[in-house]
Amino acid sequence: MRPLLLSTSFPHLHNDMTIAQAQLAATGALPPSTGLASDIVLDMNMTYAMYLLNDNRTVQASQLIDNMVYDDDGEDDKPPLYSAWLWLARMTVFIADGQHSLALGCAENALQFLASIHGKKSEDFMALLVSILYNLASIHHATGDNSRAAKELTKAQKILERLAKRNEARFSAMLLYAVEASTDIIQSRVKQMNVFTHYQKASELYTNQLLSGDENETRNAMNMLIDTLKKEGDIMLEMGNSRNAVKYYTKALRYQKKLNESLGYRDLVLSIGLAKALMRLVNRRASAEQLLTSLLPLAKRLEASNEVIEIENLLLGKNKNSIIMTLLKGIF
C-alpha cells in the first residue's frame, strides 16, 4: 500500500498562513513568532509540521509533533481536530518505520480526539476518519491480517467516494490510493488461495508417506508435513480464517512433538503462529496471552531476538485493536 497523503487530512486552520508558507518556501524556516497570539503560533507550528513531512524531514517533524502533543500547558488550547491530525501524522511516520504497535497507539489517541467532537459530519472530520482507516488497513496488511485490512479499506473507499463528489481536488488522489490498495489485496487473496490449494495437495502426499513403514522416509515426510501445515496456517491467518489457522498450527505442533521432545526454534515459530490465530478469536484471547507469556523465556533462551521482539509487540498491542474497534463503532 502507498503511504497516506497527509495533506488530504490536514484541517483548515483558524488563521491565514500565507506569509508563513511563503517564508517556508523561500528559506525552509518559519518567520519569528515573538509577540504573536498563541492561536497564530499554533497554526504556524501546524503549517511547519506539514511542511517538514512533505519535505521528508521526518526526524524534525516527529520532534515538533512530539513537542506539540506532549505540551501539557497547551493541550487544552488545541482544537481536537488539530490534535487528531498530529497523532495521525505520528502514526504515519511510525508505519513508515515499521513500528506498528506504536502506530496503533497513535490511532487510538487520534480516535479519542475525534470521538470528543460533536459535529461529526464536517469535511475535516471525515478526512481525518478516513485517513485513520486507511492507515489501519496499511498496518493490518503489513502484519498479515488481510481480512481486517480489506474491511477497513472498503469502509474508507465508500467514504472517500462521497467526499470526492463534494471536493474532488482534495480527495480524488486518496480515493485512487484506496482503490489500488483494495485491488492489491483482492489479487493477493486469489493468489493465496491458489498457493493454499498447492499446499493442501502436498499435505495429503506427505501424510500418505507417513504410512510407508521406512523410518527415514517417515521422518523426512513428517518434517515436510510440519512445514506444509505451517504454511497452510499462515495463509489461513492472512485471509482472516483464524479458526482454521488454529487447526493447522495445532496439527503441526503435534507432529513436531513426535519428532523432538525438547522445545526448539521450530516449536517457537509454530507456537507464535498459533498465538496470533488465537488472539483473533474473541473467546481465546486469554489463552493467546498465556501462550505468548510462556514463550518469551524460550525465545530468550534460544537467543531468537526477532521472535522476542515479535512476542513483546503482540503482548503490548493485544488490546489496542479491540479498543480501536470500539472507538470506531462509537463514531459511526
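Above this note sits the structure.
What counts as what
- Residues numbered from 1 in each chain as written.
- Predicted model: local features only at pLDDT ≥ 70, side-chain atom pairs only at ≥ 80, totals over all residues.
- Heavy atoms only, no water.
- Helix = DSSP H or I, 4+ residues; strand = E, 2+ residues; numbered from the N terminus.
- Buried < 20%, exposed > 50% of the residue type's maximum accessible area, 1.4 Å probe, protein only.
- Contact = heavy atoms within 4.5 Å.
- Lys, Arg positive; Asp, Glu negative; His and termini not counted.
- Charge placed at Lys NZ, Arg CZ, Asp CG, Glu CD.
- Phe/Tyr/Trp six-rings, centres within 6.5 Å; stacked < 30°, edge-to-face > 60°.
- Lys NZ or Arg CZ within 6 Å of the ring centre and 35° of its normal.
- Expected span 1.5 Å × (residues − 1).
- Salt bridge = Lys/Arg side-chain N within 4 Å of Asp/Glu carboxyl O.
- Core = buried A, V, L, I, M, F, W, Y, C linked by side-chain atoms within 4.5 Å.
- Patch = residues over 30% accessible without salt bridge, like charges linked within 9 Å, V, L, I, M, F, W, Y side chains within 5 Å.
- Areas by Shrake-Rupley, 256 points an atom, 1.4 Å probe, with all protein chains shown as cover.

This paragraph deals with the overall build of the chain. Helix and strand content of the chain: 15 helices and 0 strands. Principal axes of the C-alpha set define a box for the chain whose edges measure 85 × 45 × 35 Å. Taken across its 332 residues, the chain has 48% of its residues classed as buried. For the chain, the share of sequence-separated contacts (at least 6 apart) that also reach a separation of at least 24 residues comes to 65%. Each charge class in the chain was averaged separately, 36 positive and 36 negative side chains, and the resulting centres sit 9 Å apart.

Take the packing of aromatic side chains next. For the structure shown, the criterion picks out 4 aromatic pairs. When the ring of Phe-10 is compared with that of Trp-85, the centres are 4.9 Å apart and the planes differ by 85 degrees; the resulting orientation is edge-to-face. Taken as a pair, Phe-10 in the loop between helix H1 (6–9) and helix H2 (18–27) and Trp-85 in helix H5 (residues 80–96) lie far apart in primary sequence, 75 residues in all. Here Tyr-48 and Tyr-51 contribute two aromatic rings whose centre-to-centre distance is 6.4 Å and whose plane-to-plane angle is 15 degrees, an arrangement assigned as stacked. Residue Tyr-48 and its partner Tyr-51 are located together in helix H3 (residues 38–54), separated by 3 residues, close to a single helical turn. Looking at Tyr-51, the relative accessible area reads 23%, which means it is partly exposed. In this structure, Arg-90 packs its charged tip against the face of Phe-94, placed 4.3 Å from the ring centre.

As a further point, take helix H6 (residues 100–115). Across its 16 residues, H6 extends 22 Å between first and last C-alpha, which sits within 8% of the 22 Å expected from 1.5 Å per residue. Burial in H6 covers these residues: Ser-101, Ala-103, Leu-104, Gly-105, Cys-106, Ala-107, Glu-108, Ala-110, Leu-111 and Leu-114. Buried residues along H6 sit in contact with H5, helix H7 (123–142), helix H14 (305–316) and helix H15 (320–331).

Let us look at H5. Two residues of an α-helix separated by three or four positions point the same way, owing to the 3.6 residues in each turn. With 17 residues, H5 should cover 24 Å at 1.5 Å per step; its first-to-last C-alpha distance of 24 Å lies within 8% of that length. Taking burial as the measure, the 17 residues of H5 include 15 buried ones, the bulk of the element. Gly-98 occupies a position one or two residues after H5 and carries a positive phi of about 75 degrees.

As a further point, take the pattern of salt bridges. Scanning all chains against the criterion turns up 10 salt bridges. Across the salt bridge formed by Glu-123 and Arg-170, the nearest N and O atoms sit 2.9 Å from each other. Of this pair, Glu-123 sits in helix H7 while Arg-170 is found in helix H9 (residues 168–209), placing the two residues 47 residues apart along the sequence. Overall, the relative accessible area of 22% leaves Glu-123 in the partly exposed class. Of the charged contacts in the structure, one is a salt bridge between Arg-266 and Asp-227, with a shortest N-O distance of 3.2 Å. Within this pair, whereas Arg-266 is found in helix H12 (residues 265–279), its partner Asp-227 is found in helix H10 (residues 215–238), the two being separated by 39 residues in sequence. What makes Asp-227 partly exposed here is its relative accessible area of 34%. A single network of salt bridges, built from pairs that share partners, joins Glu-123, Asp-124 and Arg-170.

The next point concerns the nonpolar core. Counting residues in hydrophobic clusters, the biggest one holds 66 residues, and the most contacted among them are Leu-53, Trp-85, Met-91, Leu-111 and Leu-114. For this core, the secondary-structure elements that each account for two or more residues are H3, helix H4 (58–69), H5, H6, H7, helix H8 (146–166), H9 and H15. If we ignore the near neighbours within four places in the chain, the residues touching Leu-53 are Leu-6, Ala-61, Ile-65, Trp-85, Ala-89 and Val-93. If you look at the next biggest cluster of nonpolar residues, it comprises 43 residues, including Tyr-206, Met-222, Val-246 and Leu-278.

The subject of this paragraph is a positive patch on the surface. Together, Lys-121, Lys-155, Lys-158, Arg-162 and Arg-166 line one region of the surface with positive charge. Here Lys-155 lies in helix H8.

Tracing the chain through its elements places Glu-238 in helix H10. By relative accessible area, Glu-238 is classed as partly exposed at 29%. For the pair formed by Glu-238 and Arg-148, sequence separation is 90 residues and the distance between their alpha carbons is 9.2 Å.

This brings us to the environment of Asp-184. Tracing the chain through its elements places Asp-184 in helix H9. Put simply, Asp-184 and Met-1 are 183 residues apart on the chain and 8.1 Å apart in space, counted from C-alpha to C-alpha.

Moving on: unusual backbone geometry. In this model, Asn-56 sits at a positive phi of 60 degrees, which is unusual for a non-glycine residue. Here Asn-56 shows up in the loop between H3 and H4. We note that Glu-303 has phi near 55 degrees; this positive angle belongs to a residue other than glycine. By secondary structure assignment, the location of Glu-303 is in the loop between helix H13 (285–301) and H14. By relative accessible area, which is 72% here, Glu-303 ends up exposed.

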